[in-house]
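Coordinate inspection notes
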Amino acid sequence: SDFCVDPFRNRILLTNSGVDQNILIFSDIITTPKAAGTFGVTGGILSGVAGQEGPLRFNNPTGVGVDKEGNIYVACAGTGLEAYSPSGSRLWEVLSLLFVDCVDVLPGKETTIYGVGERFEMDYSKTKPGTEWSYKAGTLNRFKYPQDARVNGSLSTVHTRTIDGKTFLYMTGMYGEALRVYRFNPATDGEIAIPCALFGPSESKDAWPPNRPLRGEWLWVDGNGDGAFAADEFTQPVNPAANTGHYAWYPDERGTVWTVNGATGRIRSFPCTGLDRNGSPLYRSDRIEEVDPPAVLTSVNFLLYDQPTDVMYLTGYSQKYPTSGGYGGGVVGHALVRINEWSTGNRTPAWEAEVPMDVPKDLFCKSICMAGDYLFAVECRRKNTVYVFSKATGTMVSELNLGPAVGSKQGWVDIPYGINAYQRSNGEYLVFVEDDGYLKNIIYRVKDGVPLKPAVPSFSPRAGTFDGTTTVAITCPVPGATIRYTTDGSVPTVTTGTVYAAPLSITARTVLKAI
């Protein structure tokens, strides 16, 4: 895919992005050109333990260059640049992520992080921003698994899950396309993520994947374990045309996949019934479950099901918090609700909260996730603010903003799942935000939850004795937070008390409380 002329040594260097994954060297190019050897480990990153990173283990080399000292520079997979001495010692390496790649932490193993095509390890003892992570492996083998979705299209978000002690990656694309599922088998494939399931929510005229049904939605599970799409591995529901697809996908802790029927707006789930002999999660088209959403929502945009607590969090629009500026899908929306005891059939919200949305002012949230005691919604492109909501009350308790470590700026959050979060065993929160403008992820480290303490409203003037009528203003340090107050001495809650809208006129002795 690339070559360079080394005029100092009368040779040409040519990238070999085929199975050998190395650099071809041709000498005597002026008189009698001939093959003179290679540079790099034959097989590159796929040799030995497949996927394992290391010097001279190139991963899809796409660019090569030299300088007059004989140093060799190799670009790999569009995301890495390495420099080597003439003897082959690696001098340095710089890395980036692919466009729209959002990483996630492996549950129960907080130092392990997966992206769409890579695995990283974190050292949380390091405090200098950008030094905590190290690249450990690539997870794509396009030669053994040529039908992998990552070879045939772009993917942008990873949800890591552990089912029956096995690691799985669930991935979606920039526009919430079909959900792809990957498994691992270290004994046969090292670090490589193996395609094992795919949810096709609607019809597509694309050539990929091969052998799929031509009409309506379908489901593929890799029955023979080869990572390829055999015709007999596809299934369809009774009425394949009944769903037009949706960008909302969420795999819960048990592997149940949640989504929305794009045609009806109903909430649907695909239970995982176990793992097959190859370690693939089992899903069946005849086991789809579908229920009506809560009546309070006029449409559902995102859904997050907390399986251990049986709580469903839904976003979208409601009569109280309608759409703004003509926006509909593809964003978090304006309303956020919590439904307790979801599996029992309850659809009455425990609370309904407002998500910041003012489209005329270019303010809207693109993505939402949850971890620990909080929900995190990230604003798309104005300031990229992460708004933090309490799971218990729906109150916006804080916000996370960019700092000097990243120049106080980032690109758009331009994918449905552009944010992931994880609470470490020591209580620290990790929040990862996709940055498509600078090909990286922003990492917020919220130690001990300190910035996430609920904000306390303040009164102006403060409590005291006054003559005549007194005007009292109530403020909160969190922009957009809902303030509720009472004047009878009772303690307001998220559902009781009066929503504060304007300063209050106090004419008699009054006990004023607010949250």
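No experiment lies behind these values; they were computed from the predicted model shown.

**Here we look at the pattern of salt bridges**
Under the definition given, this model contains 24 salt bridges. With a closest N to O distance of 2.7 Å, Glu 121 and Arg 119 form a salt bridge. Look at Glu 121 and you get buried, because its relative accessible area is 18%. Here Arg 266 and Glu 290 are joined by a salt bridge, their closest N and O atoms 3.7 Å apart. Of this pair, Arg 266 sits in the loop between β20 (257-260) and β21 (267-270) while Glu 290 sits in strand β22 (residues 289-291), and the two are 24 residues apart along the sequence. A single network of salt bridges, built from pairs that share partners, joins Glu 110, Glu 132, Arg 424, Glu 428 and Arg 445.

**Points about the sheet that holds strand β30 (residues 386-390)**
Within the open sheet, the five strands sit side by side as β27-β28-β29-β30-β31. Their pairing is antiparallel. Only two strands of the sheet have a single neighbouring strand rather than two, namely β27 (357-358) and β31 (396-400). Sheet topology places β30 next to β31; four bridges connect them, and they run antiparallel. Across the sheet, residue Val 388 finds its bridge partner in β31, namely Ser 398.

**Regarding the pairing of strand β34 (residues 440-446)**
Where strand β33 (residues 429-435) meets β34, seven bridges bridge the pair, whose relative direction is antiparallel. Looking at the pairing, Val 431 lines up with Tyr 444 of β34.

**Focus on the nonpolar core**
Formed by 36 residues in total, the largest nonpolar core has its most connected members in Trp 258, Leu 303, Met 312, Leu 314, Trp 342 and Leu 375. Top element by residues in this core is strand β23 (residues 297-306). It accounts for six residues. Contacts of Leu 314, omitting those with residues within four sequence positions, involve Ile 267, Pro 294, Leu 297, Val 300, Phe 302, Leu 303, Ala 335, Leu 336, Val 337 and Trp 342. Counting 19 residues, the second largest nonpolar core, distinct from the first, contains Tyr 374, Val 378, Val 388 and Val 397.

**Describing the pairing of strand β17 (residues 218-221)**
Burial along β17 is two-sided: Trp 218 and Trp 220 and Leu 219 and Val 221, pointing in opposite directions, are all buried. Two elements, strand β16 (residues 193-200) and β17, share four bridges in a ladder whose sense is antiparallel. The residue bridging Leu 198 from the neighbouring strand is Trp 220, located in β17.

Conventions adopted
- Every chain's residues receive numbers from 1 upward, in the order its sequence appears when written.
- Selection of residues for local features in this predicted model requires a pLDDT of at least 70, selection of side-chain atom pairs for listing and counting requires 80 or more, and totals for whole chains, interfaces and linings are taken over all residues.
- Water and hydrogen atoms were dropped before computing side-chain values, which therefore reflect all heavy atoms in the structure.
- Should a side-chain nitrogen of Lys or Arg be within 4 Å of a carboxyl oxygen of Asp or Glu, the pair is scored as a salt bridge.
- Exposure categories follow from relative accessible area, calculated using a 1.4 Å probe and restricted to protein chains: below 20% of the type maximum is buried, above 50% is exposed, and the middle band is partly exposed.
- Put simply, DSSP marks the helices as runs of H or I at least four residues long and the strands as runs of E at least two long, and each gets a number from the N terminus on.
- Any two strands between which DSSP finds at least two bridges are classified as paired.
- Take the buried residues of types Ala, Val, Leu, Ile, Met, Phe, Trp, Tyr and Cys, join any two whose side-chain atoms come within 4.5 Å, and each joined set is a nonpolar core.
- By definition in these notes, contact holds between two residues if any of their heavy atoms fall within 4.5 Å.

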